Amino acid sequence: MSTSLVLRDKASIWHPFTQQLDTPPPIPIESGSAAILVAEDGREYIDAISSWWVNLHGHAHPYIAQKIYEQALKLEQVIFAGFTHLPAISLAEKLLHLLPHGFSKIFYSDNGSTATEVALKMALQYWWNKSEPRRKKIMAFTNSYHGDTFGAMSVSERGIFTLAFHDLLFDVIFIDPPADEHIEQQMQVVEEYHEELAAFIYEPIVQGAGGMLMHHAKGLDALISQIQARDIICIGDEVMTGFGRTGKFFASEWMNHVPDIICLSKGLTGGTMALGVTACNQKIHSAFASHEKLKTFFHGHSFTANPLACSAALASLELLEKEECKKNIQGIEKSNQQFIEELLPYARRGLIKNVRSIGTILAFEVNAGKDEYLNTTGPVVMEKALSKGVYIRPLGNTVYIMPPYCITEAQLSKVYRTIVEILEENPF
Ligand SMILES: *Cc1c(COP(=O)(O)O)cnc(C)c1O
């Protein structure tokens, strides 16, 4: 059966981030339950990366499924220009309550890339609406990742993912994320360009696709404060870091200074439905509150604020607010810190480096000679882990885990043991 699914898949499907030749066939997954994925051949895998960082409460969660089902029987979708509905309103109210203080409007789209595209367009049109033609440049962090559409690619690190498009991406000013509280180097760049800068976009505290790189909260806080003092719009891309991943509800809570715009997706629906959110403060919104038609924000997607996705998000937020979930997040955080102690001897032996963790994320680099994304460390670790019943998918030579919050202690220690076994085998 499995072979037949793989053959049918191969005949008709083009998978994301997947080389079209020389790649092992995909594993057909039939079902999921909590942190476990069940393959069509009956094999079980612990989903240690939350299916690309989206899943919070486990797979096929009955409460979220029930809420989606109930909503589907009532209203599955409606155009969102000129119409509205209760799930979208309730979710917006809820998010404004949960977001750091100062946000006033929720703009819906349907994934993380659209959430960042919306943020960039909002920030650029903010200055256009205010008749400030010089404010056109965007600043971003080196090693950033904000999505795969053109605007999102433009503000992301120029790397192998974007190589084929470099000529077509708009110019962005890149600065390094702060390694400590010293931000003199970054501020030199800000001073040089501040009159032309429309916005600064950043992944707060953890840069995900760039390699789970963690930076300094105090330094970032100082940077945001200095940048906002020059009237540059700050966009916090919390598509990955939102909803408890870094140990705080939003990673922006590690800082005192709040961005003007926040992007959310991935965990927003608990990882069940595609939904994106771009939240903004009053200052941004007021530049669009005009009688002039040309100051309208002409942006929308067919599935903007899809009622099923909004219902799933409301259900996920309910689960997130439960004591049990908060305890689980703290439990993972504590276990990760203990596991770091276990990894340190391998770092001392030079096998791995930069062992780090924050909240439910733990990461380290394998010393595989070169640091390139395309080296074989990733596929080797993934294959070895899969053979032991654990799904991890390194980013280049960065091995990381980011499990669903419902992962059990036994499952988490199996993930740890698997990593240690692979390090002991040293197949690099
Ligand atoms: C994944 C991600 C995106 C893009 O989200 P998609 O839903 O995959 O388009 C944007 N920003 C960050 C920080 C991400 O991790």
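What counts and what doesn't
Residues numbered from 1 in each chain as written. Predicted model: local features only at pLDDT ≥ 70, side-chain atom pairs only at ≥ 80, totals over all residues. Heavy atoms only, no water. Axes fitted to C-alpha atoms, helices over the stretch in contact; angles between N-to-C directions. Helix = DSSP H or I, 4+ residues; strand = E, 2+ residues; numbered from the N terminus. Parallel < 35°, antiparallel > 145°, perpendicular 65-115°, else oblique. Left-handed = near helix turned anticlockwise from the far one by under 90°. Contact = heavy atoms within 4.5 Å. Nonpolar A, V, L, I, M, F, W, Y, C, P; charged D, E, K, R; others polar. Near = heavy atom within 4 Å. Polar contact = N/O pair within 3.5 Å; in protein donor to acceptor, adjacent residues only side chain to side chain. Areas by Shrake-Rupley, 256 points an atom, 1.4 Å probe, with all protein chains shown as cover. Expected span 1.5 Å × (residues − 1). Buried < 20%, exposed > 50% of the residue type's maximum accessible area, 1.4 Å probe, protein only. Arc of directions from axis to C-beta. Pairing = 2+ DSSP bridges. Core = buried A, V, L, I, M, F, W, Y, C linked by side-chain atoms within 4.5 Å. Domains from an automatic or database assignment. 1 Å grid on protein atoms, 1.4 Å probe; cavity = no way out; pocket = protein on both sides within 12 Å on 5 of 7 lines; lining within 4 Å. Points joined across faces, edges and corners; volume = space filled by probe spheres on them.

Caption draft 1: Quick peek at the packing of helix H4 (residues 86–98) against helix H10 (residues 307–320). Relative to each other, H4 and H10 sit at 40 degrees, their axes nearing to 9 Å. Between H4 and H10, the angle falls in the class oblique. Handedness of the crossing formed by H4 with H10: left-handed. Each of Pro87, Ala88, Ser90, Leu91, Lys94, Leu95 and Leu98 in H4 lies in contact with H10, whose residues at this interface are Pro307, Cys310, Ser311, Ala313, Leu314 and Leu317. Here the contact of H4 with H10 is composed, by residue class, of 10 nonpolar, two polar and one charged.

Caption draft 2: Examining the site of the ligand more closely. Taken together, Trp53, Asn111, Gly112, Ser113, Tyr145, His146, Gly147, Glu203, Asp237, Val239, Met240 and Lys266 are the residues near the ligand. A distance of 3.3 Å is found between an oxygen atom of the ligand and a side-chain nitrogen or oxygen belonging to Asn111. Between a nitrogen atom of the ligand and a side-chain N or O atom of Asp237, the distance comes to 2.7 Å. Protein contact buries 84% of the 380 Å² of open area that the ligand shows by itself. A per-class count over the shell around the ligand returns four nonpolar, five polar and three charged.

Caption draft 3: Just H4, in detail. In this model H4 runs 18 Å from its N-terminal to its C-terminal C-alpha over 13 residues, within 8% of the 18 Å that 1.5 Å per residue would give. Turning to H4, its buried residues are Pro87, Ala88, Leu91, Ala92, Leu95 and Leu98. Buried residues in H4, looked at end-on, bunch into an arc of 130 degrees, giving them a common side. Residues of H4 that are exposed and point over 90 degrees away from its buried face: Leu86, Glu93 and His97. Packed against the buried residues of H4 are helix H3 (62–74), strand S4 (103–109), strand S11 (261–264), strand S12 (276–281) and H10.

Caption draft 4: Here's a closer look at the sheet that holds S12. Strand order across the open sheet formed by seven strands is S4-S12-S11-S10-S7-S5-S6, with mixed pairing between neighbours. Sheet topology places S4 and strand S6 (172–175) at the edges, where each strand pairs with a single neighbour. Strand-to-strand twist across the sheet, computed as the mean angle between neighbouring axes with direction ignored, equals 20 degrees. Pairing analysis gives four bridges linking strand S7 (residues 197–202) to strand S10 (residues 233–237), with the strands arranged parallel. The partner of Ile201 across the bridge, within S10, is Ile235. Helix-sheet contacts for H4 involve S4, S11 and S12, and the interaxial angle to S4 is about 135 degrees. Sheet contacts for helix H7 (residues 184–193): strand S5 (137–141), S6 and S7; angle to S6, the most-contacted strand, approximately 155 degrees.

Caption draft 5: Spatial organisation of the nonpolar core. Ranked by internal contacts, the top residues of the largest apolar core, which has 92 residues, are Tyr108, Phe200, Met212, Phe364 and Ile392. Each of two domains, domain 1 (3–60 + 323–425) and domain 2 (65–320), supplies a minimum of three residues to this core. Leave out the neighbours within four places in its chain, and Ile392 touches Ala48, Ile49, Val381, Met382, Ala385, Val399, Tyr400, Ile401 and Ile419. Within the second largest apolar cluster, 25 residues are counted, among which are Leu120, Ala140, Ala198 and Ala287.

Caption draft 6: Layout of empty space enclosed by the protein. Scanning all chains against the criterion turns up one cavity of 30 Å³ or more. Reported here for the largest cavity is a volume of approximately 40 Å³. In terms of lining residues, the largest cavity is bounded by Phe364, Val366, Val381, Val399, Ile419, Ile422, Leu423 and Phe428. Every element with two or more residues in the lining of the largest cavity is listed here: strand S14 (361–366) and helix H13 (409–425). The element that contributes the greatest number of residues to the lining of the largest cavity is H13, accounting for three residues. When grouped by side-chain class, the residues that make up the lining of the largest cavity number eight nonpolar, no polar and no charged.

In short, geometric facts, not functional conclusions.
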